[in-house]
Amino acid sequence: MKEVKSLVARSAFGVCSYVGQKMGLSPDRVRLYFIYSSFVTLGSPIIVYLVMAFWLNVKKYIKAGRNMLWS
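Residues numbered from 1 in each chain as written. Predicted model: local features only at pLDDT ≥ 70, side-chain atom pairs only at ≥ 80, totals over all residues. Heavy atoms only, no water.

Asker: Looking at this structure, I do not really get the overall build of the chain. What am I missing?
Answerer: A tally of helices and strands in the chain yields four helices and zero strands. Counting from the amino terminus, helix and strand elements in the chain follow one another as α-α-α-α. When each of the 71 residues of the chain is scored for burial, the buried share is 14%. (Helix = DSSP H or I, 4+ residues; strand = E, 2+ residues; numbered from the N terminus. Buried < 20%, exposed > 50% of the residue type's maximum accessible area, 1.4 Å probe, protein only.)

Next up, the structure:
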């Protein structure tokens, strides 16, 4: 079960893990709040989630490029 949970966490862009780490919360709790808020607000947090996923992906490529220049 832990392997499946790890696979889902990695394939879901890592947004909830990142937010949980920055706020000092469990990623599971952040995912649960995200799911609840998506139901209550009829899915509008999905847009925020996708923007954050895009931003984290861009941030990763910027860091990778910066490290390659100074290597």
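Resuming the write-up.
Asker: For this particular structure, what's the right way to read the packing of aromatic side chains?
Answerer: Geometrically, a pair of aromatic rings is defined through the distance of the ring centres and the angle of the planes. Inspection of the entire model under this criterion finds one aromatic pair. Ring centres of Phe34 and Tyr49 lie 5.2 Å apart, and the angle between their planes is 40°; this geometry places the pair in the tilted category. Taken together, the residues span a long stretch of sequence, with Phe34 in helix 3 (residues 27–40) and Tyr49 in helix 4 (residues 45–70) at a distance of 15 residues. The class for Phe34 is partly exposed, based on a relative accessible area of 23%. (Phe/Tyr/Trp six-rings, centres within 6.5 Å; stacked < 30°, edge-to-face > 60°.)

Asker: I would appreciate a short explanation of unusual backbone geometry in the present structure.
Answerer: Leaving glycine aside, a negative phi is the common case for residues, and trans is the common case for peptide bonds. Positive phi, close to 60°, is recorded for Leu42, a residue that is not glycine. Tracing the sequence through the fold places Leu42 in the loop between helix 3 and helix 4.

Asker: Would you mind showing me how to read a nonpolar patch on the surface here?
Answerer: Where nonpolar side chains cluster on the molecular surface, the patch consists of Leu32, Tyr33, Ile35, Tyr36 and Phe39 and spans about 550 Å² of accessible area. Tracing the chain through its elements places Leu32 in helix 3. (Patch = residues over 30% accessible without salt bridge, like charges linked within 9 Å, V, L, I, M, F, W, Y side chains within 5 Å. Areas by Shrake-Rupley, 256 points an atom, 1.4 Å probe, with all protein chains shown as cover. Salt bridge = Lys/Arg side-chain N within 4 Å of Asp/Glu carboxyl O.)

Asker: Help me understand the packing of helix 2 (residues 15–23) against helix 3, please; the structure alone is not making it clear to me.
Answerer: The description of two helices packed together rests on the angle between their axes and the distance between the axes. Interaxial distance between helix 2 and helix 3 falls to 8 Å at its minimum, and their mutual angle equals 115°. The chirality of how helix 2 crosses helix 3 is right-handed. Contacts from Cys16, Ser17, Val19 and Gly20 of helix 2 reach helix 3 at Pro27, Val30 and Arg31. Of the residues contributing to the contact of helix 2 with helix 3, the split by class is four nonpolar, two polar and one charged. (Axes fitted to C-alpha atoms, helices over the stretch in contact; angles between N-to-C directions. Left-handed = near helix turned anticlockwise from the far one by under 90°. Contact = heavy atoms within 4.5 Å. Nonpolar A, V, L, I, M, F, W, Y, C, P; charged D, E, K, R; others polar.)

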